[in-house]
Amino acid sequence: MPATLTRSFEQVAHELRPQIEAALDRYTQFVPGCPGKLAESIRYSLLSPGKRLRPLLVLMASEACGGKIDAALPAACAVEMIHCYSLIHDDLPAMDDDDLRRGRPTNHKVYGEAMAILAGDSLLTRAFEVVARDVRPPAVGAACCAALAEAAGASALVGGQADDILGEQRRAQPNGDRATERPESPEALLSALESIHHRKTGVIFLASLRLGALTAGAGPTQIQILEDYGRRLGLAFQIADDLLDVQGKEETTGKRVGKDADRGKLTFPGLLGIDESVRRAQRLVAEACDLLKPLGQAAEPLASLARYVVERDR
Ligand code: GRG
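The rules behind the values
Residues numbered from 1 in each chain as written. Predicted model: local features only at pLDDT ≥ 70, side-chain atom pairs only at ≥ 80, totals over all residues. Heavy atoms only, no water. Near = heavy atom within 4 Å. Polar contact = N/O pair within 3.5 Å; in protein donor to acceptor, adjacent residues only side chain to side chain. Areas by Shrake-Rupley, 256 points an atom, 1.4 Å probe, with all protein chains shown as cover. Helix = DSSP H or I, 4+ residues; strand = E, 2+ residues; numbered from the N terminus. Nonpolar A, V, L, I, M, F, W, Y, C, P; charged D, E, K, R; others polar. 1 Å grid on protein atoms, 1.4 Å probe; cavity = no way out; pocket = protein on both sides within 12 Å on 5 of 7 lines; lining within 4 Å. Points joined across faces, edges and corners; volume = space filled by probe spheres on them. Buried < 20%, exposed > 50% of the residue type's maximum accessible area, 1.4 Å probe, protein only. Expected span 1.5 Å × (residues − 1). Axes fitted to C-alpha atoms, helices over the stretch in contact; angles between N-to-C directions. Left-handed = near helix turned anticlockwise from the far one by under 90°. Contact = heavy atoms within 4.5 Å.

S.K.: Which residues make up the site of the ligand, and what values do they have?
M.R.: If you check the shell around the ligand, you find 19 residues, and the closest are K51, R54, H83, S86 and R102. For the ligand, an oxygen atom lies 2.6 Å from a polar atom in the side chain of K51. One of the side-chain nitrogen or oxygen atoms of R54 is found 2.7 Å away from an oxygen atom of the ligand. Protein chains shield 94% of the accessible area of the ligand, which is 700 Å² for the free molecule. Broken down by secondary-structure element, the contributors of at least two residues to the shell around the ligand are α4 (69–90), α8 (157–172), α9 (186–215) and α10 (220–247). Ranked by residues supplied to the shell around the ligand, first place goes to α4 with 6 residues. Here the shell around the ligand is composed, by residue class, of 5 nonpolar, 7 polar and 7 charged.

S.K.: Can you lay out the layout of surface pockets for me, pointing to particular residues and giving the numbers?
M.R.: Approximately 240 Å³ is the volume attributed to the second largest pocket. What lines the second largest pocket is a set of 13 residues, among which A147, E150, V203, L206 and R210 lie closest to the centre.

S.K.: Quick rundown of unusual backbone geometry? Include the residues and the values.
M.R.: Along the chain, R136 connects to P137 via a cis peptide bond; the corresponding omega equals -10°. Among the structural elements, P137 can be located in the loop between α6 (113–134) and α7 (138–152). Unlike most non-glycine residues, D97 shows phi in positive territory, near 55°. Along the chain, D97 turns up in the loop between α4 and β1 (100–101). Judged by its relative accessible area of 41%, D97 falls in the partly exposed class. Located in the positive-phi region is R102, a residue other than glycine, with phi close to 50°. Tracing the backbone through its elements, the reader meets R102 in the loop between β1 and β2 (104–105). You can call R102 buried: its relative accessible area is 14%.

S.K.: Please provide a residue-by-residue account of α8, values included.
M.R.: Taking 1.5 Å of rise per residue, 16 residues should cover 22 Å, and α8 covers 23 Å from first to last C-alpha, within 8% of that figure. Taken residue by residue, α8 has L157, G159, G160, Q161, D164, G167 and E168 as its buried positions.

S.K.: Kindly report on the packing of helix α3 (residues 53–64) against α9, identifying the contributing residues and their values.
M.R.: Where α3 contacts α9, the two axes come as close as 7 Å, and the packing angle between them is 35°. Note on packing geometry: the crossing formed by α3 with α9 is right-handed. On α9, the residues that touch R54, L57, V58, A61 and S62 of α3 are I204, F205, S208, L209, L211, G212, A213 and T215.

S.K.: Which residues make up empty space enclosed by the protein, and what values do they have?
M.R.: Take a probe with the size of a water molecule and roll it over the atoms, and the empty space left behind shows itself. The full count for this structure, using the stated rule, is 1 cavity of 30 Å³ or more. Reported here for the largest cavity is a volume of approximately 100 Å³. Going through the elements one at a time, α2 (36–46), α4 and β2 are the ones with two or more residues in the lining of the largest cavity. The element best represented in the lining of the largest cavity is α4, accounting for 3 residues. Of the residues assigned to the lining of the largest cavity, the class counts are 5 nonpolar, 4 polar and 4 charged.

Below, the structure is given as structure tokens:
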């Protein structure tokens, strides 16, 4: 295929983002009953300038499987709502205690902790309402709801977050129960880190791809290709995220940098070093792009998204 026909990730994202932003705006025009302050707090975070990677993944996966953007848009918005809820709750003092997100003060810094918790709760429930009402036919809507619930639940997103917090608490205990524990090997630490990130980040990426495929009526072979791609993409994204925390700048990332080291978190650069982390992320992206080849040119935006994920500065 001549290179001129290949649309870059930024070109495709530039076309699709306005549709995502407009739909997120429409989906958060709440009916009476939702207090103005709560609606403001929800919209403050949801409509803030995120990269929209997960909704783009839904739309690009749908396109790769021959689907239509309009049919995938409700599912794309639902995934972004769940992602946004997780960021609002992750930033709370009881969790990561952050004051900067997407280049702005975090939700609880502006609206207070109670309203931030409720904004997250509202986004989580709204996501399922949107899918149940607007994904057609209803059987596909039900399959999307189940996939989303599994990805956001106690054995995935919430479980990964819980393990992350429990691990941090254990590492912060200098003696206590740990005095009798054997130190963990580097291999065990790496596998624990990969498991946490798979649940905290990777599974939502996989759900995004699955929802895109489901709304396009994809078959099992296409779904399998997307999932194999998604597993590598999720891990590469997380390695890049850890590298940005070490090497990135607050002005471009829009969030506090250096916080993982400050909190004694397990990270890929911490375990593997910077050079090996970069090599690993690049290898994963190359594998992810190779896996997409049977889907042809329609999957090129997904390949360019994978390359963007490790080259990004935010
Ligand atoms: C509170 C249930 C619960 C889960 C929190 C998402 C999460 C789990 C924690 C956020 C902290 C973090 C750095 C997670 C790993 C990577 C990640 C999800 C980064 C943010 O995603 P981006 O870079 O963000 O796509 P934008 O703002 O562009 O949408």
